Amino acid sequence: TTSMLDDVFFIVKKCIKRAVSSNNVDAICAVINNACTLLEADFCQVFQNQIKLGFPNTYLDQAYTVIQSSLQGKLGGTSDTERQKQLFLAYVNNAESSTEYLARLQTSIQADTSSLLSSLSQRQAEKIQTCISGLSAVTEKLQVVLDSGMSALRTSLVKPRLKPWVDGFITVPHNINDEQFAEFEANDPFVQQLIVNLDGLLSSLKGGLTGGNYERLVMMVAGEVAVQLEKAVMKSSFSRLGGLQFDKEVRTLSSYLTSFTTWTIRDKFSRLHQAAAILNLETVQEVSELCGNQSSWKLTPVEVRQILLLRADFKPEEVKRVKL
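Enquirer: Describe the overall build of the protein chain, and please don't skip the residues or the numbers.
Expert: When you go through the protein chain residue by residue, the secondary structure sums to 14 helices and zero strands. Beginning at the N terminus, the succession of helices and strands in the protein chain can be written as α-α-α-α-α-α-α-α-α-α-α-α-α-α. Computed over the C-alpha atoms, the radius of gyration of the protein chain is 26 Å, more than 25% above the 20 Å expected from 2.2 N^0.38 for a compact globule of 324 residues. With the C-alpha coordinates of the protein chain rotated into their principal frame, the extents come out at 80 × 55 × 30 Å. When each of the 324 residues of the protein chain is scored for burial, the buried share is 47%. Here the contacts in the protein chain between residues at least 6 apart in sequence split such that 77% fall between residues at least 24 apart.

Given below as C-alpha cells:
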C-alpha cells in the first residue's frame, strides 16, 4: 500500500470529529456527506485510473522480481513498464486496505456520536445514522475497483502463465497400462512439475500483495487451473488406470492449493473430482448410480457422456444407451 491511505483517512476522521464536537446535527451531516462524496468520487477514482492502465503483460519473466520489490518501494531507476507494474499492485492493495480503513472510520464515527445521539430526537438521530450509512456506498465502489484490478491481473499475468503449464497434461498419456501406472506413481510426469511452477508463481507474488489480495490470488489461480485442466482433459484419452491417475492428480493439486489459503477451494475442483470419478468407473452402467447419489452434482448429462467417451475401453453405443 501507499501512505495516501493514512493521510486521507486521518484528515477525514479529524474533520468529522471536529464536526461532531459542534453538536450541530446539520453540520455533522454536511461533513459526513461531503466526506462520503469525496471518498466515493475523487478517492476511488484515483485507484480506478491507475488500475485501468492495467498490469503490463510484457516481460512476464521479470514480473516476479518486480512484484517482490514493490513493497520495498523501489520505484526509482526502474523502467516505465516495471513502474506501472509496481503502481498497479500498490493501488490494488490500496483498494483492498481501504475497506478496512472505512470500517474503522465508521466505528470511530459511531463511537464519537453515541453520547450525542442519546440527547437528540429520533428524527435527528436517524438523520445522522443515515449519513453514516453512506460510507457503505464507498465500500461497494472500492469492491468494484478491487474486482477490476484482480481481473486485470488474471488476464495479464495468471492466465498466460498457467495455460502452457496446464496444457502439459495433454502430452502425458492417460490411456495407460499397469506398468505405466506404476512408473507414474514413482515418477509423476505432470502434476509435480505443475506444482513447482505454481509454487514459484504464488511464492513470488505473496510478498507484493496484502493478505486479503493474496487469498484472492490463490482462489483465482485455483479457478484458472481447474478451467484449463478441464479443457485439457477433454482432449485426452483414458484407460481405467489413467482415470485413477487423473484422480490422484486432481487430489494432489487441490490439496496443494488448499495449503496456501484459509478459504475453501473445494468448489473450484468439484467438476474435476466428478470427472475423475467417472473416468475411474469399471463399467459404463455404474455412472447412473454415481450421478444419482449426489445432490451437488455439477456435470450435465451431455458432459457426463462426453467424459465417458474419453474412456478408450467404453463402447460409444453403451455410452449412448446409459440412463442419466
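Enquirer: Summarise helix H4 (residues 80-117); cite the residues concerned and give the values.
Expert: End to end, H4 covers 52 Å across 38 residues, agreeing with the expected 56 Å (1.5 Å per residue, within 8%). The largest bend along H4 reaches roughly 25 degrees and is located at Ala111.

Enquirer: Could you give an account of the pattern of salt bridges, naming the residues involved and the relevant values?
Expert: Scanning all chains against the criterion turns up twelve salt bridges. With a closest N to O distance of 2.9 Å, Lys163 and Asp167 form a salt bridge. In this pair, Lys163 and Asp167 are both assigned in helix H6 (residues 135-171), four residues apart and thus about one turn of the helix distant. Across the pair Glu282 and Arg240 runs a salt bridge, and its minimum N-O distance is 3.9 Å.

Enquirer: Describe the packing of aromatic side chains, listing the residues and the values that go with them.
Expert: In the structure shown here, the tally under the stated rule is ten aromatic pairs. With 5.4 Å between their ring centres and 80 degrees between their planes, Phe169 and Phe190 make a pair best called edge-to-face. Here the residue Phe169 occupies a position in helix H6, and Phe190 occupies one in the loop between helix H7 (178-186) and helix H8 (191-206), the gap between them amounting to 21 residues. Judged by relative accessible area, which is 4%, Phe190 ranks as buried. Directly above the aromatic system of Tyr101 lies the positively charged group of Arg104, at a separation of 4.7 Å from the ring centroid. For Arg311, the ring lying beneath its charged end belongs to Phe314, and the centroid distance is 4.0 Å.

Enquirer: Describe the environment of Lys248, listing the residues and the values that go with them.
Expert: Mapped onto the fold, Lys248 is located in helix H10 (residues 240-258). Along the sequence, Lys248 and Asn280 sit 32 residues apart, while their C-alpha atoms lie 11 Å from each other. Non-local contacts of Lys248, meaning those with residues more than four positions away in its chain, are made with Phe181 and Glu185.

Enquirer: Let's hear about unusual backbone geometry: which residues, and what values?
Expert: Located in the positive-phi region is Asn23, a residue other than glycine, with phi close to 60 degrees. Inspection of the secondary structure puts Asn23 in the loop between helix H1 (4-21) and helix H2 (25-52).

Enquirer: Describe the environment of Pro56, with residues and values.
Expert: Position of Pro56 relative to the elements: it lies in the loop between H2 and helix H3 (63-70). Given the relative accessible area of 12%, Pro56 is considered buried. On a C-alpha basis, the gap between Pro56 and Gln84 in space is 7.3 Å, while along the polypeptide they are 28 residues apart.

Enquirer: Any chance you could break down the nonpolar core for me, citing the residues and the numbers?
Expert: In this structure, Leu198, Leu217, Val221, Phe246 and Leu308 are the most contacted members of the largest nonpolar core, which totals 102 residues. The greatest single-element share of this core, amounting to 14 residues, is contributed by H6.

Enquirer: Go over the packing of H7 against H10 with me, naming the residues and quoting the values.
Expert: With their axes 10 Å apart at the nearest point, H7 and H10 run at an angle of 15 degrees to one another. Between H7 and H10, the angle falls in the class roughly parallel. With respect to the hand of their crossing, H7 and H10 are arranged in right-handed fashion. Contacts from Asp178, Phe181, Phe184 and Glu185 of H7 reach H10 at Leu241, Leu244, Gln245 and Lys248. Within the contact of H7 with H10, the residues separate by chemical class into four nonpolar, one polar and three charged.

Conventions and cut-offs
- Residues numbered from 1 in each chain as written.
- Predicted model: local features only at pLDDT ≥ 70, side-chain atom pairs only at ≥ 80, totals over all residues.
- Heavy atoms only, no water.
- Helix = DSSP H or I, 4+ residues; strand = E, 2+ residues; numbered from the N terminus.
- Rg over C-alpha atoms; globule rule 2.2 N^0.38 Å.
- Buried < 20%, exposed > 50% of the residue type's maximum accessible area, 1.4 Å probe, protein only.
- Contact = heavy atoms within 4.5 Å.
- Expected span 1.5 Å × (residues − 1).
- Bend = angle between axes of the 7 residues up to and from the residue.
- Salt bridge = Lys/Arg side-chain N within 4 Å of Asp/Glu carboxyl O.
- Phe/Tyr/Trp six-rings, centres within 6.5 Å; stacked < 30°, edge-to-face > 60°.
- Lys NZ or Arg CZ within 6 Å of the ring centre and 35° of its normal.
- Core = buried A, V, L, I, M, F, W, Y, C linked by side-chain atoms within 4.5 Å.
- Axes fitted to C-alpha atoms, helices over the stretch in contact; angles between N-to-C directions.
- Parallel < 35°, antiparallel > 145°, perpendicular 65-115°, else oblique.
- Left-handed = near helix turned anticlockwise from the far one by under 90°.
- Nonpolar A, V, L, I, M, F, W, Y, C, P; charged D, E, K, R; others polar.

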